Structures are given as C-alpha cells and as structure tokens.
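Chain by chain, the residues:
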Amino acid sequence: MAIFKLQVEQPPKRRVRRALKLLVSAACILVVAVEPAVAQAIQLVRDTETERLLKSYEDPILVAAGLDPAAVKMYLVQDPTINAFAAEGQNIFVNTGLLQQLRTPNEVIGVLAHETGHIAGGHLVRDTAAMHKAMIPMLLGVAAGVAAMIAGAGGEAGMALMGLGMSSAQAQFMQFSRVQEATADQMGQKFLRATHQSGQGMLDVFERLADEEAMSSFKIDPMVMDHPASRERIDLLQRLVEASPYKDVKDSPEAMHAFRMVQAKLAGFLDPVEMVLAHYPVSDNSEEAHYARAVAYFRQPDLQNALAECNTLITLEPKNPYFWELLGQIYVDMSHPERGVPAYQKSVDMLPDASLLRVSLAAAQLATEKTALAKPALDNLKIALQQENDNSFAWFEAAQAYSELGNEPMANLSTAERYYNAGAMNSAAHFAVLAQHDLSPGSPDWQRASDIMSVAGPEGQKRH
C-alpha cells in the first residue's frame, strides 16, 4: 500500500481513547503507565487510495463540527478487529478491520462521526483530569492496604483493601467515560444531519457490537464498562436516527464501488492468499475481484498472473492511478525497477499531489542504479517531503539520492532527518554533526543540522 510494502511506522506517542471495544480490563486505570508500550506496538499501514477514501468521509464531518480538516491527522492501523479511536492532538486511528468488516461507507462514516464527537467535545483533554481524579481512591486504597499489612492485619486483608480502592477508581472513571461516549454519539448524529447523511450506519455498527456482547458468555458489570449500557445506547441512537430527515439516504453506487475496491485491496495485501483467492475466485469477473487477485498473486509470488490481472484492471480503467501504482510495485518487487518506473510515473502524472506515489517513483528510479535517474528521484523526494516532512522512508531514499550524486554532506543531513523522525536521537545527532562539519556555515542546511543537534543530542543522552 504506499509502495505497498506494508510500511510499518510508529504512531505519535499520544494518549488514546478506545472507541468501539465494549470490554475493559480490571487494570484499565493503569493505562497511563502502559500507554507508551501500547503505542509502540501499533503498526501503521500507508496507502494513498485508502487514506484518501477515509479523508473524503471525514472532512465534511470535521467541517460540520467546526474543525479544520488540515489539522486532524488520520492513521490506518493494521488490525483485523472492528475499532477506531481518537487520540489527543486531533488524531484519529482506524483499524483495517473496520474497513474490511463493515458493509457500507455509511457505517464507516458513522464511526468517524462518533470519533469526531470526542475531538469536538474536548473529551481527550478532560480524560486526563478524570484519570487523575480516579487515581485518588486507588492510591488511598493502596496506602490503607499497606498500612493494614504493617499493622499485622495480614496479607489477605491488605490486598482486599487495595482491591476496593482499585474497584472504586475504576467505577468512577468508567462512569465518567460512559457519559462521554453517549455525548459523542449525539454529537456524531448531529454532524451527520448537518452533512445530509443518514445516521443509520452508526446505529447498525453499535447494534452489531451490542449483539456480539449479548452473545458473550461473560457477565459484564455495567459499572466497569466505558460505554453506555448497550440497549440504552441503541434506543437513544434509534430515536436520533428516526428524527433525522436524512435517515433513508443511501450510499451512491459510485461510493459503494470505491469502498469495495479498497476492501478488495486490503484483503489482497493483508489476508492469507488462500483466503483471498477463495473469496475472489477466478469465476468472479468484478473489478474488485481482479484487484484482490492481482495483489494476492503478487504476494505468492506469481508474476505472470499478477501482471495479467493488473493489466485487466488498467484496460478497464486506464486513468486509475492506483492500478498503475500496483503495476509499478509488481515490477519493482520482482527486481525489474526499470519497468516499474514508467508505471509509477503514470500514477504520479495522474495524481501529482500524492506524496506517497512520488516516494514510490523515486524509490523505483534509484533502484535502477542509473545515475541519470538520481536527480529526478531527488526532485520527487523534495516535493514529497514538502508535504510529509516526517516521512522517514522518504529521508532514507533522499540520502541514497544525494550519495549517488556525490553530495555526502546532504546525504548525512538526510540520514540525520531520517533518524530524528524515527526517534533514534543518538544516531540523528551523530549524522547531524557529520553533515554540519562539511556544510557552509550559516546556510539553511547548516542551521538545520544545528537544530537537530541541539534537540537530538540532549534527548539522546536522556534516553540513554
């Protein structure tokens, strides 16, 4: 997907709000302590087609909520479960499973409207205060338990007191969270009405999750759930949906087609190949089936069938940039970058503002090992980095391009940028020092190296 090598990147280290999961652990209030580890475990998928589809869903909702679409960042998480969550700093994370398992664009949009309700309502900021407040009874319980054990009351009595403090804190925070979830539902429905969209999708998703919860063999205490009691929540959503003049608005055929194409692409790249070929058999001549099979054959690898399916797609839609992107990737990953360059170039010509496509083209140009293509590759990378200055892979390719052109100071500075954005501060400082030594004093690049040194040096030492 991007270059579609399933680029795995680290998301921002932000405190996150779970959106759809209905079960919580008994240790949920320890989330503050474990969040960095959780955040580091998230795998992010980059794909222009999928990202743009999500933005086309979310941007009208953000405008209706009075938020700036350019300020809200969306991330695609490689996770097969139905979930999405908002994170402090106006970030929205969407699981691949949400796109793969939901049935319509309206259902996805309903979930995004709910998450936008959390951002617009300032819930992420308020959660911090609520967590701190909830910590008080827990800490008091721990202190009482320790005191009881010191006084000779025994380990079991002390642990019981600690458990009471934990339960009290958990119940207090969950009650606060349930109120926010209900508010996000109502705000999300408001945004859907403002954009003339049906709220039925949101209702269908939460009703599905409520049914799954009801079928669970576990008894769930309503006081330890961070969402409203399911039946109560569904009843409220039902009333809101019925009151909307747009309740019967359906997704257009064009919207359904774009959605199914993304579903097929995600399945092709993420699901087991055997499962993909069984779900999209050769007897299925739909465009999404050709798409899924092209990717699945590419992964096998079966170059002949992958190219045949991809060429069928291009015949059906010669002006689709994502089909040319896939063709380029097939050639590059099969060690034929010289054939991949023209395909990637077509995708960039059709979608010149797509930074990931330019990075893919540049990577293909450099992979040919032709010096004549190093300068065009660098030009593409410069344009891409103007849009995504934190793209570590683009900085890696820029370092290769500068090195190919014999500009080692800028190769070192690009490497410093790469490590800086990847969070490897010691390495970032090291290469910034190397770059600054040979750059013209006072130049913008020399100053940038100095800036990296001033931040990465102390940060690297602190982490060490």
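For clarity, every value in this text was computed on a predicted model and none was experimentally measured. (Residues numbered from 1 in each chain as written. Predicted model: local features only at pLDDT ≥ 70, side-chain atom pairs only at ≥ 80, totals over all residues. Heavy atoms only, no water.)

1. With respect to the overall build of the protein chain
Basically, it comes down to this: Helix and strand definitions here come from DSSP, where helices need a minimum of 4 consecutive H or I residues and strands a minimum of 2 consecutive E residues; each element is numbered from the N-terminal end. Note on classification: 1.4 Å probe, protein chains only; a residue is buried when its accessible area is under 20% of the maximum for its type, exposed when over 50%, partly exposed between these limits. Contacts between residues were defined by any pair of non-hydrogen atoms, one from each residue, lying within 4.5 Å. Residue-level accessible areas treat just the shown protein chains as cover; the underlying method is Shrake-Rupley with a 1.4 Å probe.
Scanning the protein chain from terminus to terminus reveals 20 helices and 5 strands. Burial status across the protein chain gives 49% buried among its 464 residues. Taking all contacts inside the protein chain whose residues are at least 6 apart in sequence as the whole, residues at least 24 apart take part in 66%. Element-wise, carbon and sulfur atoms account for 57% of the exposed surface of the protein chain, whose accessible area totals about 21200 Å².

2. Points about the environment of Ala-429
Within the fold, Ala-429 resides in helix α19 (residues 425-438). Apart from the residues lying within four places of it in its own chain, the contact partners of Ala-429 are Met-453, Ala-456 and Gly-457.

3. Side note on the side chain of Gln-189
On the secondary structure map, Gln-189 appears in helix α6 (residues 155-194). Under the relative-accessibility criterion, Gln-189 is labelled buried at 1%.

4. Re the nonpolar core
As a reminder, the rule being used: For our purposes a nonpolar core is just a set of buried Ala, Val, Leu, Ile, Met, Phe, Trp, Tyr and Cys residues, chained together by side-chain atoms within 4.5 Å.
Counting 78 residues, the largest nonpolar core has Leu-54 and Val-108 as the members making the most contacts within it. Excluding anything up to four places from it in sequence, Val-108 contacts Leu-54, Tyr-57, Leu-98, Leu-99, Leu-102 and Phe-259. With 27 residues, the next largest nonpolar core counts Ala-362, Leu-381, Ala-398 and Ala-416 among its residues.

5. Some thoughts on the packing of aromatic side chains
To describe a pair of aromatic rings, one takes the distance between the centres and the angle between the planes. Note the following rule: For this analysis, a ring pair means two rings from Phe, Tyr or Trp (six-membered ring only for Trp) whose centres lie within 6.5 Å, classed as stacked if their planes differ by under 30 degrees, edge-to-face if by over 60, and tilted for the remaining angles. Put simply, a charge is over a ring when the Lys NZ or the Arg CZ is close to the ring centre, within 6 Å, and near the line of the ring normal, within 35 degrees.
As enumerated under the stated definition, the model contains 6 aromatic pairs in all. Aromatic pair Tyr-75 and Phe-93: ring centres 4.9 Å apart, planes at 20 degrees, arrangement stacked. On the criterion of sequence distance, the pair formed by Tyr-75 in strand β3 (residues 73-77) and Phe-93 in strand β5 (residues 91-95) is long-range, its members being 18 residues apart. For Tyr-75, a relative accessible area of 22% puts it in the partly exposed group. On the basis of relative accessible area, Phe-93 is assigned to the buried category, the value being 2%. Geometrically, the ring pair formed by Tyr-291 and Phe-323 is edge-to-face, given 5.2 Å between the ring centres and 80 degrees between the ring planes. With Tyr-291 in helix α11 (residues 287-299) and Phe-323 in helix α13 (residues 321-333), the pair connects residues that are 32 residues apart, well separated along the chain. The same class applies to Tyr-291 as to Phe-323, namely buried. Among the aromatic side chains, those forming a connected cluster through ring pairs are Tyr-75, Phe-85 and Phe-93. Positioned above the aromatic ring of Trp-324 is the side chain of Lys-346, whose terminal nitrogen or guanidinium carbon lies 5.0 Å from the ring centre.

6. Some details on the side chain of Glu-388
Which entries qualify depends on this criterion: Any N or O atom pair separated by 3.5 Å or less is treated as a polar contact, with the protein-specific requirement of one donor-capable and one acceptor-capable atom, and with residues adjacent in sequence counted only for side-chain atom pairs.
Relative to the helices and strands, Glu-388 resides in the loop between α16 (374-387) and α17 (392-404). A relative accessible area of 17% means that Glu-388 is categorised as buried. One polar contact links Glu-388 to Ser-355, side chain to side chain, over a distance of 3.1 Å. Sequence-distant contacts of Glu-388, that is, excluding residues within four places in its chain, are made with Arg-46, Ser-355 and Leu-356.

7. Remarks on helix α9 (residues 253-270)
In an α-helix, one turn spans 3.6 residues; hence positions three or four apart end up facing the same way. Basically, it comes down to this: Expected span, for any helix, means 1.5 Å times one less than how many residues it has.
With 18 residues, α9 extends 25 Å from end C-alpha to end C-alpha; this agrees with the ideal 26 Å at 1.5 Å per step. Every buried residue of α9 is listed here: Met-256, Phe-259, Met-261, Val-262, Gln-263, Ala-264, Lys-265, Leu-266, Ala-267, Gly-268, Phe-269 and Leu-270.

8. Focus: the packing of helix α12 (residues 303-316) against α13
Short version of the rule: The convention used is that axes are lines fitted to C-alpha atoms, helices contributing only their stretch in contact, and that angles between N-to-C directions extend from 0 to 180 degrees. Here roughly perpendicular refers to angles of 65 to 115 degrees, roughly parallel to angles under 35, roughly antiparallel to angles over 145, and oblique to all remaining angles. Left-handed describes a crossing whose near helix is turned anticlockwise from the far helix by less than a right angle; the clockwise case is right-handed. Residue polarity follows a fixed list, in which Ala, Val, Leu, Ile, Met, Phe, Trp, Tyr, Cys and Pro are nonpolar, Asp, Glu, Lys and Arg are charged, and the others, Gly among them, are polar.
For the pair α12 and α13, the least separation of the axes is 9 Å and the interaxial angle reads 160 degrees. One finds that α12 runs roughly antiparallel with respect to α13. Crossing angle aside, the handedness with which α12 passes α13 is left-handed. Side by side, α12 and α13 meet where Leu-303, Ala-306, Leu-307, Cys-310, Asn-311, Leu-313 and Ile-314 of the first sit next to Phe-323, Trp-324, Leu-326, Leu-327, Ile-330 and Tyr-331 of the second. Here the residues of the contact of α12 with α13 are counted per class, giving 12 nonpolar, 1 polar and no charged.

9. Structural notes on the pattern of salt bridges
Where side chains of opposite charge bring their charged atoms close, a pairing between them can arise. Formally: Basic side-chain nitrogens of Lys or Arg form a salt bridge, by our definition, when they fall within 4 Å of a carboxyl oxygen of Asp or Glu.
Considering all chains together, one arrives at 14 salt bridges under this definition. Here Lys-265 and Asp-47 are joined by a salt bridge, their closest N and O atoms 2.8 Å apart. One end of the pair, Lys-265, is in helix α9; the other, Asp-47, is in the loop between β2 (44-45) and α2 (48-64), and 218 residues separate them in sequence. The two residues Lys-265 and Asp-47 agree in class, both being buried. Residue Glu-107 is joined to Arg-103 by a salt bridge in which the shortest nitrogen-to-oxygen separation is 2.9 Å.

10. Things to note about the environment of Ile-61
Inspection of the secondary structure assignment puts Ile-61 in helix α2. Judged by relative accessible area, which is 0%, Ile-61 ranks as buried. Along the primary structure Ile-61 and Leu-192 are separated by 131 residues, whereas in three dimensions their C-alpha atoms are 7.0 Å apart. Those residues in contact with Ile-61 that lie beyond four places of it in its chain are Ile-109, Ala-113, Thr-116, Phe-191, Leu-192, Thr-195 and Gln-197.

11. A closer look at the confidence of the model for the protein chain
Our working rule: In predicted models, pLDDT denotes the confidence assigned by the predictor to each residue on a 0 to 100 scale.
When the pLDDT values of the protein chain are averaged, the result is 82; 74% of them are 70 or greater. Counting contacts from residues 2-40, a segment whose pLDDT is below 50, to residues more than four positions away or on other chains yields 118 contacts. Here residues 217-229 scores under 50 on pLDDT; set against residues more than four positions off or in separate chains, the count is 36 contacts.

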